[in-house]
Every structure is written in C-alpha cells, then in structure tokens.
Amino acid sequence: MYNADLAFDKAPPLGAPLRFFLTAPLFGMAAALLVLWAGPHALATRWTPPLLSATHLLTLGVLAMVMIGAVIQMVAVVAGSPVARPRWVAGGVHALLTAGVVALGVGLDALDRRWLAFAMVLLGLGVAGFVGVVVGTVTRAPRAHDTVLGIGLAVLSLAFTAGLGLTLAAGYVFDSVILHRFPLTDAHLGWGIAGWMGLLVVGVAFQVVPMFQITPNYPDAVRRWLVKCIFAGLLMWSAGDLLAFWVAPPWVWLQRAGGAVLLAAYGTFAVVTLRLQARRRRRLADVTTDLWRVGMVSLLGAGLLWLALQWVPALAEYRGYPLLLGVLLLLGFALSVINGMLYKIVPFLVWFHLQNRLLAAPHAAALQLPNMKQIVTDRWARRQLRVHVAALLLALGAALVPVYLTHLSAAVLFVSFALLLRNLVAAALCFRRYQRQIVEAAAAAMQVRTAISS
Amino acid sequence: MTAQHPQARERVLDVSDLEPCEPLERALEAVRTLQPGEYLRLVHRQEPLLLYPMLEKLGMAWRARHAASVEILIHRRDDAIAGAAVAALAGTED
C-alpha cells in the first residue's frame, strides 16, 4: 500500500529547516548594505575585498544557508531515511554556519587574518558536520533514485568547494602557505556553482517542478543522465584546469571538453524546464514559476556569455566579464530559483505541520486551516518578485557601468531581501497563530467533554 | 452503486489539476464526510504520499491503482461494505 519514492513521515520538525530560511535574507541584506557602503569601487575588479565579502555573504549566507536547510528537510523525505537527532543537527550546523559566515564576511572585507582563521574553523566544522550527516543518511537510504543521487553528488561538490575555500583562506592566514591562486579559485568557483548549487537545483527540480508547478515529469533520459553528465563534465573541467596549469598547457583541451559537457547539460536543463513550464496543466500566474523562468533564462544567458568567450578570447581581459557571469549565475540563476522554491517549501511545510497537529488533536477537527496562498499571499510574493527582477537587471547594469548603478542596484537588492524576510516571517507567525488555535480548540473541547461526563 | 456490491456507493474526486496543498485538503474534507457503504475514488496526477499517514490517523484504508493517472480508493477501515467493493475493484483492475 505504501509503495513510494517519498516518505513524508520521516520529515524533521518545522524549526529544523525554518531557522535556515529565516536567517538567509538577513545575510542578503548585509551583502547589499556592504556594496552600498563601498560604492562603485567594490566592482572595480572581481578581487576587491568588499565584493569578495559580499559574494560570500550571498553564496554561503543566503544560497548555501537555504540549500542546507532544505537538504536537511528533504534528504530524510526523499531517501526515506530519517536524519538522526534533527534538532541538534540543524541547531549545530546553523549556529556554526551563521557565525562562520559573519567571521568570513568581516575577514574578507577587512582582510583580517584572525577573523579569517576563526571563519575557517567555524565553517570547516559546520560543513563537515552537514556533509557527514547527509552522507550517513544517504548511505542508509533504502532506495536510491535520481534526486538522491543529485543530492549526494551536490553535497560531495560542497565538500570539494569548502576544501578549496579553506585552502585559499589558509593562503591569507598563514605566511608559510604559498598558493597558485588562479587555478584554485577557478576550481573553487566551478565546484561551488556548477557542482553544489547546480546539481542540487537539478536533482531537486526532478521532484519539485512537476509537483509544485503542475508540469509533466522530466523525460526519463534527462532524469537518468543529466546529473551524471554534469558531475563527469565538472571532473573533466577541473582536472583539465589543474593539469594545464601544473603539468602542460595542452591539457587545456580536457578543460574545454568538460566545459562543453557542462554547457550542453545545463543548457538542456534550462530548455527542458522552460518547455515543461510552457506545458503546465493550469495556466494560472504563479510567482515560483516566474522566478524559475528568470532563473532558467539567466542560466542560458550565462551559457551564451561563456560561449562568447570561446569565440572572442579577448573578453577575458574585460573587467566586466566575470562580474556579468557572476551576476547571471548567482543572482539570476541560483538566487531566483531558491527564492522561488522558498515560496513553495515554506508555506507547504507550515501547512503540513499544522495539518499533522490538527490530526493529532481530533477534538479540534472543526478548525479551518489556512491554505498555502493564505500563508504567503500572492500579492506580497509578486511584489518581491518584481523588486528581485529590478535588482537583477540593475546589477547587470552595475557590472557594466559601476559608477552609475552600484548604489541603486545594491539598494534595490536590499529591499528585495527585506521583502523576502517579511514574507517568510509572515509564514512563521501564521504557523504560531494556528498552532495556538489548535491547542486552544482541543483544550476547550476537552473541557466540554469533562463537563458532560461529570 | 457498483455492479458487484450493490449496497456500496462511489464518490469521485478529481484533483489532478490542483496545486499543493489543495489535493490533500479536498481529499481530507471528502473522507471525513464518507457515509456508511461509501468509498472515495480520488484521481490525482501522482501518488499523494503525504496523504497516507493522514488517512491512517483518520481510521481509513486505501488501495492505489496506477494508470495514466493515479486512483486511490479510500474507505473507512471499519466499513465492510465499502471495503469489499474497493477490494473487488482493486483486485479486478490492478
């Protein structure tokens, strides 16, 4: 009777993922404020301290924060294997990650060794703890399907990204560590964006796009091969990059071949997702679907930009090129998709936990629970979507002409994160309100029963 | 009414085009009002896995049938008439 790919009865308590989701917009606001404070000088190159700091506040403080919270929630459900002690795991990883991101943000902005060393310890422990828990859960999983593979390889990529990041930070902290920064930074970026973020988005999309956006399923061939192709492409790209630098330049062919595999795989993902969305069964306006469209178009844009570099190598010398690519991949692709998912995951979890509490309190059964659209209203979500798109367009402009648009784009990005925080807090307050009503209704019903029986 | 079990009655609820969490809400509303001898034929685009533990808590039993869409036949666990009709349907069409 219970023959299925997902096991929701293994889900951890609401507080486990919610603490990550509520923290993320705060780091987004901090990143925007940092760029606002530093001004156009922050975008002079990709290596300025305020930009390095803001980028890590965004990638670790916002994107990884949400993704780690979502994985702690999802891995138990999709793998059918519960995370041991979810409150402790979530609390510990969240505390280490939050403190580590603050330390890293300060350390990179001020290029301060003590803060960077502090960040290395906190983030190293936090990421290691998270990776250990996920690996333990996935290896105990009674079934391994495409999403479990996607999550497993994404988390492995996070471990590589963190290892490379710690090595790069060690180069700042210890004089004795001499590094070749460029190939290591490329590998750090590649595994972070195309590995950790991209693989997780792809793996999770197989489940959540058909479920929440009411599209047909992804084609079987895409589900079976895409995650494996991306991981293989990333290995080739990374190995080629390192071999070309340390062994012999001709190895660059391997890096190019890996890049072509990644381009084809992510291009396929973006096009297939857009086509599935075009075949939605219900054509009602939906904020998450729109945010995913922005994400897929940005991913295609980044692919075209990378392709342009292969035809016009001189682009690599242009200051704005890495900034444009970074804005498209981080704000345009990863942030849009994650922002969109939050508008489904959070209301769904609130509803799911309320419904289970209601079922556990049969005397309160008459209570009408809110639906997902009442937990985060479309009006507020769409308002935030518009501001997010404006922030993305302005950030693209700022990458090209920092002097005119840096302040404005950072200010609009701040407003976008503030609105996201407002919407998520509204959902959390809704949960608390209805949870209290369930308890009160059950207590009132018990009083009536006691009065009648006595 | 069904051919093999004339006392049993079927109620049909198609939630295939609804967004989460509406299919679950509608299904829970419907099963709470099942009358003696009545079962619910729930039509969905995918297996509603989240629903099953909830049905269990509500004292329901169910059988799932997979075709182009998924059908879940739900009845009260203590309703012998509806249970027999569901078993016959699931047995003949599985």
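See the structure above.
The following refers to the structure shown. (Residues numbered from 1 in each chain as written. Chains lettered and ligands numbered in written order. Predicted model: local features only at pLDDT ≥ 70, side-chain atom pairs only at ≥ 80, totals over all residues. Heavy atoms only, no water.)

Here we take up the nonpolar core. By size, the foremost hydrophobic cluster in this structure holds 185 residues, and its most contacted members are Phe21(A), Phe130(A), Trp196(A), Phe269(A), Trp292(A) and Ile74(B). The greatest single-element share of this core, amounting to 27 residues, is contributed by helix α10 (residues 320-360) of chain A. Excluding its chain neighbours within four sequence positions, the residues that come into contact with Phe130(A) are Ile68(A), Val71(A), Ile72(A), Val93(A), Val155(A), Leu158(A) and Trp196(A). Counting 7 residues, the second largest nonpolar core, distinct from the first, contains Tyr39(B), Leu73(B), Ala82(B) and Ala85(B). (Core = buried A, V, L, I, M, F, W, Y, C linked by side-chain atoms within 4.5 Å. Buried < 20%, exposed > 50% of the residue type's maximum accessible area, 1.4 Å probe, protein only. Helix = DSSP H or I, 4+ residues; strand = E, 2+ residues; numbered from the N terminus. Contact = heavy atoms within 4.5 Å.)

Residue and element names in this part refer to chain A. Overall, the coordinates contain 12 aromatic pairs over all chains when judged by the stated rule. When the ring of Phe212 is compared with that of Phe348, the centres are 5.4 Å apart and the planes differ by 85°; the resulting orientation is edge-to-face. Placement of Phe212 in helix α6 (residues 181-213) and of Phe348 in helix α10 is noted, with a sequence separation of 136 residues between them. Under the relative-accessibility criterion, Phe212 is labelled buried at 6%. Summarising the aromatic geometry, the rings of Tyr218 and Phe269 are spaced 6.2 Å apart at their centres and angled 10° between planes, so their arrangement reads as stacked. Here Tyr218, found in the loop between α6 and α7 (220-246), pairs with Phe269, found in helix α8 (residues 252-278); they are 51 residues apart in sequence, far enough to count as distant. Just as Tyr218 is buried, Phe269 falls in that class too. Taken together, Phe160, Trp191 and Phe231 form an aromatic cluster joined through their ring pairs. (Phe/Tyr/Trp six-rings, centres within 6.5 Å; stacked < 30°, edge-to-face > 60°.)

Let's shift gears to the interface of chain A and chain B. Note on interface size: it is often stated as the accessible area lost on association of the parts. Taken together, the contacts link 26 residues of chain A with 24 residues of chain B. Across the interface of chain A and chain B, roughly 2400 Å² is buried in total on both sides, 62% from carbon and sulfur atoms. Our count for the contact surface shared by chain A and chain B stands at 3 residue pairs in polar contact (both at pLDDT 80 or more). Breaking the side of chain A that touches chain B down by element, the ones donating at least two residues are α6, α10 and α11 (372-375) of chain A. For the side of chain A that touches chain B, the element with the highest residue contribution is α10(A), accounting for 7 residues. (Buried area = accessible area lost by both parts, 1.4 Å probe. Polar contact = N/O pair within 3.5 Å; in protein donor to acceptor, adjacent residues only side chain to side chain.)

With respect to the helices, strands and loops of the structure, Pro362(A) is situated in the loop between α10 and α11. In sequence terms Pro362(A) and Phe231(A) are 131 residues apart; their C-alpha atoms lie 49 Å from each other.

Our focus in this paragraph is the sheet that holds strand β4 (residues 70-76) of chain B. All names here are of chain B. One open sheet accounts for 4 strands, arranged β1-β2-β4-β3; its pairing is mixed. If you trace the sheet from one side to the other, it starts and ends with β1 (9-14) and β3 (60-66), each paired once. In this sheet, adjacent strand axes meet at a mean angle of 20° when their direction is disregarded. Note that strand β2 (residues 38-44) and β4 share 5 bridges and pair antiparallel. Each bridged residue has a counterpart across the sheet, and for His44 the counterpart in β4 is Val70. Contacts from helix α1 (residues 22-32) reach β1, β2, β3 and β4, with the element oriented near 170° to β2. (Pairing = 2+ DSSP bridges. Axes fitted to C-alpha atoms, helices over the stretch in contact; angles between N-to-C directions.)

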